[in-house]
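Here is what each chain is made of, one letter per residue.
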Amino acid sequence: MSDLPTKFFSKESLLSSDRLGAMIFMLACLCYGYQTTLIPLFPGDEYEPFTARTLPTLLTFIGIGLSLILLVTGQPDKKLKCETAPLNWKLLIGFLVLMAFYGIGLTYLGFVLATSFFLLAGFYLLGERRKSILFGASFPFVIAFFLLLTQGLDIYLEPGLIFTLW
């Protein structure tokens with residue numbers, strides 16, 4: 001009976017990669033949630049059901065909820081190692097460069113093309129080589145999201161400089 005608390009609260013049962021990832025994700029969601037309180041509202045928006053803060057706040061609560069679920073249900077690693085695994089620096093630098101190009105691409109290519117190419121290149125960097133997955137997971141979802149934002153929520157997304165020059 002006295003063995004139960006030490007077994008339940010041991011390092012092997014509390015620390016796992018799932019729980020560590022959930023804690024990092026919760027910290028990111030809490031920071032994002034704080035930033036959503038700083039979004040300025042137009043005069044009179046405080047009486048509207050949907051404002052500029054609504055969706056980011058909803059995403060914050062969903063992210064916190066999912067991270068709490070993962071914290072509670074996370075299983076301990078089978079072989080807990082105290083040493084850390086080496087980081088894949090080439091992949092990290094590749095994604096940092098890709099994010100920089102995405103920021104530049106938004107200005108020139110617009111939301112649809114820049115986001116589609118960003119997802120396509122990101123999946124490729126992560127090791128996906130099947131063209132059906134690369135193109136099927138990038139372009140259709142971005143177009144659907146673009147239509148939801150522009151047609152459903154009436155949000156203006158800049159088309160990009162190359163399309164405004166014509």
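Each chain carries its own residue numbering, running from 1 in the direction its sequence is written. Reporting of local features is limited, given that this is a predicted model, to residues whose pLDDT is at least 70; pairs of side-chain atoms are given and counted only at 80 or more, and all residues count toward the totals for whole chains, interfaces and linings. The side-chain figures draw on all heavy atoms in the structure; neither hydrogens nor water molecules are used.

The chain appears in an unreviewed UniProt entry as DUF1468 domain-containing protein from Vibrio chagasii.

1. Points about the overall build of the chain
Rules: Only runs of H or I of at least four residues qualify as helices and only runs of E of at least two qualify as strands under DSSP, and these elements are numbered from the N terminus. With a 1.4 Å probe rolled over the protein chains alone, any residue whose accessible area is under 20% of its type maximum counts as buried; one over 50% counts as exposed, and the rest are partly exposed. Throughout, a residue-residue contact means that at least one pair of heavy atoms, one from each residue, lies within 4.5 Å.
Along its length, the chain carries 8 helices and 0 strands. For the chain, the succession of helices and strands along the chain, N to C, is α-α-α-α-α-α-α-α. Evaluated residue by residue, the chain yields a buried proportion of 21% over its 166 residues. In the chain, the share of contacts with a sequence separation of at least 24, taken over all contacts with a separation of at least 6, comes to 62%.

2. Quick word on the state of the cysteines
Selection criterion: To count as a disulfide, a pair of cysteine sulfur atoms needs to be within 2.5 Å.
Under the definition given, this model contains 0 disulfides. With no disulfide partner, Cys29 has as its closest neighbouring cysteine sulfur the one in Cys31, 9.4 Å distant. Relative accessible area serves as the criterion here: at 46%, Cys31 is assigned to the partly exposed category.

3. Some words on the packing of helix 5 (residues 89-109) against helix 6 (residues 111-125)
To keep it simple, the criterion reads: To get an axis, a line is fitted to the C-alpha atoms, and for a helix only the part in contact is used. The angle between two axes follows their N-to-C directions and goes from 0 to 180 degrees. Note on terminology: angles under 35 degrees are roughly parallel, angles over 145 are roughly antiparallel, angles of 65 to 115 are roughly perpendicular, and the others are oblique. By definition, any crossing whose near helix is turned counterclockwise from its far helix by less than a right angle is left-handed, and any crossing with a clockwise turn is right-handed.
Contact geometry of helix 5 with helix 6 gives a least axis separation of 8 Å together with a crossing angle of 165°. Comparing their axes, helix 6 and helix 5 come out roughly antiparallel. Handedness of the crossing formed by helix 5 with helix 6: right-handed. Only Phe111, Leu113, Ala114, Thr115, Phe117, Phe118, Ala121, Gly122 and Leu125 of helix 6 make contact with helix 5, whose side of the interface consists of Leu91, Gly94, Phe95, Leu98, Met99, Tyr102, Gly105, Leu106 and Leu109.

4. A few points about the packing of helix 6 against helix 7 (residues 131-152)
In contact at an axis separation of 9 Å, helix 6 and helix 7 are set at 150° when each is read in the N-to-C sense. Considering their axes alone, helix 6 and helix 7 lie roughly antiparallel with respect to each other. When the axes of helix 6 and helix 7 are compared, the crossing they make is right-handed. Along the contact surface, helix 6 presents Phe111, Val112, Thr115, Ser116, Phe117, Leu119, Leu120, Phe123 and Tyr124, while helix 7 presents Leu134, Phe135, Ala137, Ser138, Phe139, Val142, Ile143, Phe145 and Phe146.

5. Re helix 5
Think of an α-helix as 3.6 residues a turn; residues three or four steps apart then line up on the same face. Heads up, the condition is: Helix span is expected to be 1.5 Å times the residue number reduced by one.
Between its first and last C-alpha atoms helix 5 spans 28 Å; for 21 residues at 1.5 Å apiece the expected length is 30 Å, and the two agree. Turning to helix 5, its buried residues are Gly94, Leu98 and Gly105. Its buried side turned inward, helix 5 meets helix 6.

6. With respect to the UniProt feature "transmembrane region" (unreviewed entry) in the chain
We count it as follows: UniProt positions are given in the numbering used here, feature names are shortened, and annotations may be inferred rather than shown by experiment.
Under the local residue numbering, the UniProt record ascribes the feature "transmembrane region" (unreviewed entry) to residues 20-42, 54-73, 108-126 and 133-157. Taken as a whole, residues 54-73 contains 100% helix and 0% strand, while its terminal C-alpha atoms sit 29 Å from one another. Across residues 133-157, helical content stands at 80% and strand content at 0%; the span's end C-alpha atoms are separated by 26 Å.

7. Describing the pattern of salt bridges
In plain terms, the rule: Any carboxyl oxygen of Asp or Glu that lies within 4 Å of a side-chain nitrogen of Lys or Arg is treated as forming a salt bridge with it.
Applying the stated criterion across every chain, the model contains 1 salt bridge. Of the charged contacts, one joins Arg130 and Glu128 as a salt bridge, the two residues approaching to 2.8 Å between their closest N and O atoms.

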